[in-house]
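Listed here are the chains, written in short residue letters.
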Amino acid sequence: MNKMFWLFVSVLFSCLLFGISGLNAADLVSVEVKQELSSDRQEIKEELGEFKDNSQEAKAEEKQLKEKIKAAEEAGDLATAKQLREQFRLLHKENVQERIEEKKDLREDIRELKSDIKEASQDGYLPPKPDKDNNPPGPRGGEGTNWENPPG
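Definitions and limits used
- Residues numbered from 1 in each chain as written.
- Predicted model: local features only at pLDDT ≥ 70, side-chain atom pairs only at ≥ 80, totals over all residues.
- Heavy atoms only, no water.
- Helix = DSSP H or I, 4+ residues; strand = E, 2+ residues; numbered from the N terminus.
- Buried < 20%, exposed > 50% of the residue type's maximum accessible area, 1.4 Å probe, protein only.
- Areas by Shrake-Rupley, 256 points an atom, 1.4 Å probe, with all protein chains shown as cover.
- Salt bridge = Lys/Arg side-chain N within 4 Å of Asp/Glu carboxyl O.
- Lys, Arg positive; Asp, Glu negative; His and termini not counted.
- Patch = residues over 30% accessible without salt bridge, like charges linked within 9 Å, V, L, I, M, F, W, Y side chains within 5 Å.
- Charge placed at Lys NZ, Arg CZ, Asp CG, Glu CD.
- Contact = heavy atoms within 4.5 Å.

Trainee: Tell me what's going on with the overall build of the protein, and back it up with residues and numbers.
Mentor: The number of helices and strands found in the protein is two helices and zero strands. For the protein, with 152 residues in total, the buried portion stands at 16%. Here the protein has roughly 12600 Å² of accessible surface; of this, 57% comes from carbon and sulfur atoms.

Okay, structure coming up:
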């Protein structure tokens with residue numbers, strides 16, 4: 001009888017332990033997904049900041065070169081002005097190419113983040129997006145019809 005009691009208690013404890021750990025595992029996955037998405041958002045913000053900084057630096061560098069060209073033209077040094085204009089063209093072309101690449105990378109990261117968010121929502125790790133007017137879509141033209149599900 002004593003052995004049966006301890007067997008019963010151990011089985012009950014095991015079931016309780018596995019039940020609790022199952023819930024915690026699901027919660028942990030949800031928290032991990034949210035943290036991963038949050039870190040991805042932060043990386044995109046940092047990339048955007050770097051993109052803006054690089055653009056401002058490039059504009060300042062081009063402006064400085066334009067001023068040198070203007071000063072050379074005013075001084076009558078046409079050879080130096082021509083050389084500086086060629087340098088400006090190359091610099092501008094390089095800067096434009098860098099901006100195009102940075103924008104491409106940024107767009108790809110944003111697409112990946114949106115895809116991850118959609119996947120996490122479909123898997124149930126994120127709550128569904130709330131309806132803006134709290135009016136559930138209904139059958140077309142019927143009760144519950146709103147701007148998300150217009151009549152017709």
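Trainee: Mind laying out the pattern of salt bridges, listing which residues take part and the relevant values?
Mentor: Counted under the stated rule, the structure contains three salt bridges. Across the salt bridge formed by Arg85 and Glu73, the nearest N and O atoms sit 2.5 Å from each other. Linking Arg85 in helix α2 (residues 78-123) with Glu73 in helix α1 (residues 2-75), this pair joins segments that are twelve residues apart in sequence. Taking the relative accessible area as the measure of exposure, Arg85 reaches 29% and is therefore partly exposed. In this structure, Arg89 engages Glu86 in a salt bridge whose closest nitrogen and oxygen atoms are separated by 3.3 Å. Here Glu86 and Arg89 lie together in helix α2, a separation of three residues that amounts to about one turn. Since its relative accessible area comes to 39%, Glu86 is described here as partly exposed.

Trainee: Give me the side chain of Asp40: which residues, what numbers.
Mentor: When you line up the elements, Asp40 lands in helix α1. Despite its burial, Asp40 pairs with no opposite charge, the nearest such side chain being Arg41 at 8.5 Å.

Trainee: Tell me what's going on with a negative patch on the surface, and back it up with residues and numbers.
Mentor: A surface patch of like charges, here negative, comprises Glu43, Glu46, Glu50, Asp53, Glu57, Glu61, Glu94 and Glu98. For the negative patch, the secondary-structure elements that each account for two or more residues are α1 and α2. Take the negative patch: its biggest share by element is six residues, from α1. With respect to the helices and strands, Glu50 occurs in helix α1.

Trainee: Go over the side chain of Glu62, please, and point to the residues and values.
Mentor: Within the secondary structure layout, Glu62 lies in helix α1. Buried within the structure, Glu62 lacks any salt-bridge partner; its nearest side chain of opposite charge belongs to Arg99, at an N-O separation of 4.0 Å. Leave out the neighbours within four places in its chain, and Glu62 touches Phe88, Leu91, His92, Asn95 and Arg99.

Trainee: Explain the environment of Arg107 to me, using residue names and the numbers behind them.
Mentor: Relative to the elements of secondary structure, Arg107 occurs in helix α2. Between the C-alpha atom of Arg107 and that of Ile44, which follows or precedes it by 63 residues, the distance is 9.5 Å.

So far we have only geometry, and geometry alone does not tell us how the molecule works.
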